[in-house]
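Architecture at a glance
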Amino acid sequence: MIMPGGEIAGGQFLEVVPNRRIVFTWGWEGDNHPVPPGSSTVEIDLLPEAAGTRLRLTHRGLAQPFIDHHHEGWQQYLARLVVVAQGGQPEPDPGAC
């Protein structure tokens, strides 16, 4: 996938349970990148709740300072997802070119 700013992220799907769970590897393409494709794993679970659905995201296999960097990115894009899930249109992506 091409991210805002032109970096390319890559990985493979490991598990797909429709409407419940996705697990995939994650990393960044490029020479000598410290987080290469397949070096970390992302788990996304959709958990039913009385008021709707809770999304639980777990990203494993990252070392500092990459944990903080990815945490900020996930927070940014999950906040945008909430707006869309509520029927809204998010503001333009500040990281997009």
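Procedures and definitions
- All residue numbers refer to position in the chain's written sequence, counted from 1.
- Under the rules for a predicted model, residues below a pLDDT of 70 receive no local features and side-chain atom pairs below 80 are neither given nor counted, while totals for whole chains, interfaces and linings still include all residues.
- In computing side-chain properties, one takes all heavy atoms of the structure into account and sets aside hydrogens as well as water.
- Each helix is a run of DSSP H or I of at least 4 residues and each strand a run of E of at least 2, with the numbering of both proceeding from the N terminus.
- Accessibility here uses a 1.4 Å probe with only protein chains present; expressed as a share of the type maximum, an area under 20% marks a residue as buried, one over 50% as exposed, and anything in between as partly exposed.
- Whether two residues are in contact is decided by their heavy atoms: any pair within 4.5 Å suffices.
- What sets the accessible areas is the Shrake-Rupley method with a 1.4 Å probe; for residues, cover comes only from the shown protein chains.
- For the purpose of charge, His is not counted, nor are the chain termini; Lys and Arg are scored as positive and Asp and Glu as negative.
- Charge placement uses NZ in Lys and CZ in Arg. For Asp and Glu, CG and CD serve respectively.
- Here, the term nonpolar core denotes a set of buried Ala, Val, Leu, Ile, Met, Phe, Trp, Tyr and Cys residues that are joined through side-chain atoms within 4.5 Å.
- Only Phe, Tyr and Trp rings are paired, with Trp represented by its six-membered ring, and only when their centres lie within 6.5 Å; those with planes under 30 degrees apart are stacked, over 60 edge-to-face, the remainder tilted.
- At least two DSSP bridges between two strands are required for those strands to pair.
- What pLDDT expresses is the predictor's confidence in each residue, scored from 0 to 100.

**A look at the overall build of the protein**
- Helix and strand content of the protein: one helix and five strands.
- Counting helices and strands in the order they occur from the N terminus, the protein gives β-β-β-β-β-α.
- Structurally, the protein occupies a C-alpha span of about 45 × 30 × 20 Å along its principal axes.
- Each of the 97 residues in the protein was classed as buried or not, and the buried ones make up 21%.
- Here the contacts in the protein between residues at least 6 apart in sequence split such that 20% fall between residues at least 24 apart.
- Surface summary for the protein: the accessible area is close to 6900 Å², and the carbon and sulfur share equals 56%.
- Each charge sign in the protein was given a centre, from 6 positive and 11 negative side chains, and these centres are 12 Å apart.

**Some words on the nonpolar core**
- In this structure, Met3, Ala9, Phe24, Trp26, Trp28, Val35, Val42, Ile44 and Leu62 together form the largest nonpolar core, which totals nine residues.
- For this core, the secondary-structure elements that each account for two or more residues are strand 3 (21–28) and strand 4 (40–49).
- The element that contributes the greatest number of residues to this core is strand 3, accounting for three residues.
- Apart from residues lying up to four places away in sequence, alanine 9 is in contact with Met1, Met3, Trp26, Gly27 and Trp28.

**Structural notes on the packing of aromatic side chains**
- Evaluated as defined, the whole model comprises four aromatic pairs.
- Consider the rings of phenylalanine 13 and phenylalanine 24, whose centres lie 6.0 Å apart with planes at 65°: the pair is edge-to-face. Of this pair, phenylalanine 13 sits in strand 2 (residues 13–17) while phenylalanine 24 sits in strand 3, and the two are eleven residues apart along the sequence.
- Residue classification places phenylalanine 13 among the exposed positions, given a relative accessible area of 63%.
- Owing to a relative accessible area of 13%, phenylalanine 24 belongs among the buried residues under this scheme.
- Here the aromatic residues Phe13, Phe24, Trp26, Trp28 and Trp74 are joined through ring pairs into a cluster of three or more.

**A closer look at the pairing of strand 4**
- Across six bridges, strand 3 lies against strand 4 in antiparallel orientation. When the bridges of strand 4 are listed, tryptophan 26 appears paired with serine 40.
- Between the end of strand 4 and the start of strand 5 (residues 52–60), which pair antiparallel, lie two residues.

**With respect to the environment of glutamate 7**
- Within the secondary structure, glutamate 7 is located in the segment before strand 1 (9–10).
- Residues glutamate 7 and asparagine 19, spaced twelve residues apart in sequence, show a C-alpha to C-alpha distance of 29 Å.
- With near-sequence residues (within four places) excluded, glutamate 7 lies in contact with Met1, Ile2, Trp28 and His33.

**Re the confidence of the model for the protein**
- Of the residues in the protein, 97% reach a pLDDT of 70 or more, and the chain-wide mean stands at 90.
- Averaged pLDDT values over the elements of the protein bottom out at 90 in strand 1 and peak at 98 in strand 2.

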